[in-house]
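The residues making up each chain are set out below.
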Amino acid sequence: MQDLLAQAAAIDHNSPVPYYYQLEEWFREQLASGALQPGQQIPSEAELCQAFRVSRTVVRQALDDLVNEGLLYRRKGKGTFVAKPKIRESLVQKLTGFYQDMVDRGFTPVTRVLEQTVVPASKLLAERLSIPAGEQVIKIDRLRFINNEPLVFVTTYIPHAMCPGLLHEDLTNQSLYAVLEEKYGLEIARGRRTLEAVAASEQDAALLEISPGAPIVLLKSVSYLRDGRPVEYYEAKHRGDRSQFEVELIRIRPGERIEKEDLLPHLPGSNELKRVSEKL
């Protein structure tokens, strides 16, 4: 760490660029180069002030920004440490499951199936899957790991009549979407997803190895077949400190004609979405 602090000349005291921003950029460079590793403690505020010849206000603003950005984190009474990089996931336009998404990004996902059973559909679930209330659905609870660290807890519901054999499939190390398509001919074509930030319950915290009340990202999704039938509803709870979602956006210019079927799901309410897109 002393070798790193010897680079304090990276701060240009004659530059119009704010000192705190220069300090932030120095930290980002060290993180990108691997000079600072996840879990490593950074120098104290006093050491940084002395090394970079800046005030404590400058140091605190830079560290606050980096903490808010998720690059650093603080432990009360211990100091400031380098955070683990967040794992990015696709959200829009690339309709892949978690397993394939992680494989495409170079990770080896591991799944622990906590429950795989048949339950009657509640009224709300039945509405989402367009089936009668009380009809049997397959419920699957899975805890998903990346690098031996729990990242997301997901509960999935699929109409039992569509794929009764799914109840006995081993989903430990394979994609649910691949199983549905290859074994049951159910190709998921479109989906509608919503995101919201919630606080982790005690059960969520125990499963995800975080503190109760810690922020998690709740993703709710309905997936549809090409003929418009809903085939899957799931709720996925992602660790807020380890997840980052990537959203792709497409701009529709005035007067531009495109095939909206390629952009918008064939879902109830999609006509309103199409009308909105026509006005952009």
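Treat the numbers as computed from the prediction; the structure is a model and nothing was measured.

A.B. asks: Help me understand the overall build of the protein, please; the structure alone is not making it clear to me.
C.D. replies: Each helix and strand counted, the protein has 9 helices and 10 strands in total. Carbon and sulfur atoms provide 48% of the accessible area of the protein, an area that totals close to 15,600 Å².

A.B. asks: What is the right way to look at the packing of helix α3 (residues 45–52) against helix α4 (residues 56–68) in this model?
C.D. replies: Helix packing geometry: the angle between the two helix axes and the distance between the axes. Following both chains from N to C, one finds α3 and α4 inclined at 115°, their axes separated by 9 Å at the closest point. The angle between the axes of α3 and α4 places the two elements in the roughly perpendicular class. The handedness of the crossing between α3 and α4 is right-handed. Across the interface between the two elements, Glu45, Ala46, Leu48 and Cys49 of α3 pack against Arg56, Val59, Arg60 and Leu63 of α4. Looking at side-chain class alone, the contact of α3 with α4 contains 5 nonpolar, no polar and 3 charged residues.

A.B. asks: When you look at the nonpolar core in this model, what are you seeing that I'm missing?
C.D. replies: A general tendency of soluble globular proteins is for nonpolar side chains to be buried together. Core analysis: the biggest nonpolar cluster contains 19 residues, and Leu166 and Leu180 have the highest contact counts within it. Elements that contribute at least two residues to this core include exactly β5 (136–146), β6 (149–159), α7 (176–184), β8 (215–225) and β9 (230–239). Among the elements that make up this core, the one with the highest residue count is α7 (4 residues). Contacts of leucine 180, omitting those with residues within four sequence positions, involve Ile158, Cys163, Leu166, Gly185, Leu186 and Ile188. By size, the runner-up hydrophobic cluster in this structure holds 17 residues, among which are Trp26, Leu48, Cys49 and Val54.

A.B. asks: Explanation requested: the confidence of the model for the protein in the structure shown.
C.D. replies: The predicted coordinates ought not to be read in detail in places where the model reports low pLDDT. Averaged over every residue, the pLDDT of the protein is 79; residues scoring 70 or more account for 74%. No element of the protein has a lower mean pLDDT than helix α9 (residues 270–279), at 34, and none a higher one than β9, at 92. Here residues 89–95 scores under 50 on pLDDT; set against residues more than four positions off or in separate chains, the count is 33 contacts. Counted against residues more than four places away or in other chains, residues 260–280, with its pLDDT under 50, gives 30 contacts.

A.B. asks: Which parts of the structure should I look at to understand the packing of aromatic side chains?
C.D. replies: The geometry of an aromatic ring pair is captured by the separation of the ring centres together with the interplanar angle, meaning the angle of the planes. Taken as a whole and assessed by the stated rule, the structure comprises 4 aromatic pairs. A ring pair is formed by tryptophan 26 and phenylalanine 52, whose centres lie 5.0 Å apart and whose planes are at 70°; its orientation type is edge-to-face. You can see tryptophan 26 sitting in helix α2 (residues 19–33) and its partner phenylalanine 52 sitting in helix α3, a full 26 residues away along the chain. On the accessibility criterion, phenylalanine 52 (1% relative accessible area) is buried. Considering the side-chain rings of tyrosine 73 and phenylalanine 81, the 5.7 Å spacing of their centres and the 25° angle between planes classify their relative orientation as stacked. We classify phenylalanine 81 as buried; its relative accessible area is 8%.

A.B. asks: What exactly am I supposed to notice about α3 here?
C.D. replies: Each α-helix winds once per 3.6 residues, and so residues spaced three or four apart point in a common direction. Within the sequence span of α3, burial applies to Leu48, Cys49 and Phe52. Buried positions in α3, seen along its axis, are confined to an arc of 100° and lie on one side of it.

A.B. asks: Explain the sheet that holds β5 to me, please; I cannot follow it from the model alone.
C.D. replies: Through backbone hydrogen bonds, the strands of a sheet pair up, either in parallel or in antiparallel fashion. On the basis of which strands lie adjacent, the open sheet formed by 6 strands has the order β4-β5-β6-β9-β8-β7 and antiparallel pairing. Looking at which strands have only one partner, the edges of the open sheet turn out to be β4 (110–120) and β7 (188–199). Averaged over neighbouring strand pairs, the angle between their axes works out to 15° when direction is ignored.

A.B. asks: What's the story with the layout of surface pockets in this structure? I'm lost.
C.D. replies: Where empty space is left in the structure can be found by rolling a water-sized probe over the atoms. Of the volumes computed, that of the second largest pocket is approximately 320 Å³. In terms of lining residues, the second largest pocket is bounded by 18 residues, among which Gly70, Tyr73, Ala83, Lys84 and Asp241 are the most central. Secondary structure elements with two or more residues in the lining of the second largest pocket: α4 and β1 (72–75). By residue number, the principal contributor to the lining of the second largest pocket is β1, which donates 3 residues. For the lining of the second largest pocket, a count of residues per class yields 6 nonpolar, 3 polar and 9 charged.

A.B. asks: In this structure, what is going on with unusual backbone geometry? I would like to understand it.
C.D. replies: Most of the time, phi is negative for any residue but glycine, and the peptide bond is trans. Of note in this structure, serine 130 is not a glycine but carries a positive phi near 55°. Checked against the element boundaries, serine 130 lands in the loop between α6 (123–129) and β5. Among the residues examined, serine 130 registers a relative accessible area of 57% and is labelled exposed. Phi at glutamate 209 takes a positive value of approximately 60°, unusual for a residue other than glycine.

A.B. asks: Even after reading the chapter, I still don't get the packing of α2 against α4, so can you show me in this structure?
C.D. replies: Where α2 contacts α4, the axes come no closer than 8 Å and their chain directions differ by 50°. One finds that α2 runs oblique with respect to α4. The handedness of the crossing between α2 and α4 comes out as right-handed. The residues of α4 that touch α2, namely those facing Tyr19, Tyr20, Leu23, Glu24, Phe27 and Arg28, are Val58, Val59, Gln61, Ala62, Leu63, Asp65 and Leu66.

What counts as what
Residues numbered from 1 in each chain as written. Predicted model: local features only at pLDDT ≥ 70, side-chain atom pairs only at ≥ 80, totals over all residues. Heavy atoms only, no water. Helix = DSSP H or I, 4+ residues; strand = E, 2+ residues; numbered from the N terminus. Areas by Shrake-Rupley, 256 points an atom, 1.4 Å probe, with all protein chains shown as cover. Axes fitted to C-alpha atoms, helices over the stretch in contact; angles between N-to-C directions. Parallel < 35°, antiparallel > 145°, perpendicular 65-115°, else oblique. Left-handed = near helix turned anticlockwise from the far one by under 90°. Contact = heavy atoms within 4.5 Å. Nonpolar A, V, L, I, M, F, W, Y, C, P; charged D, E, K, R; others polar. Core = buried A, V, L, I, M, F, W, Y, C linked by side-chain atoms within 4.5 Å. Buried < 20%, exposed > 50% of the residue type's maximum accessible area, 1.4 Å probe, protein only. pLDDT = per-residue confidence, 0-100. Phe/Tyr/Trp six-rings, centres within 6.5 Å; stacked < 30°, edge-to-face > 60°. Arc of directions from axis to C-beta. Pairing = 2+ DSSP bridges. 1 Å grid on protein atoms, 1.4 Å probe; cavity = no way out; pocket = protein on both sides within 12 Å on 5 of 7 lines; lining within 4 Å. Points joined across faces, edges and corners; volume = space filled by probe spheres on them.

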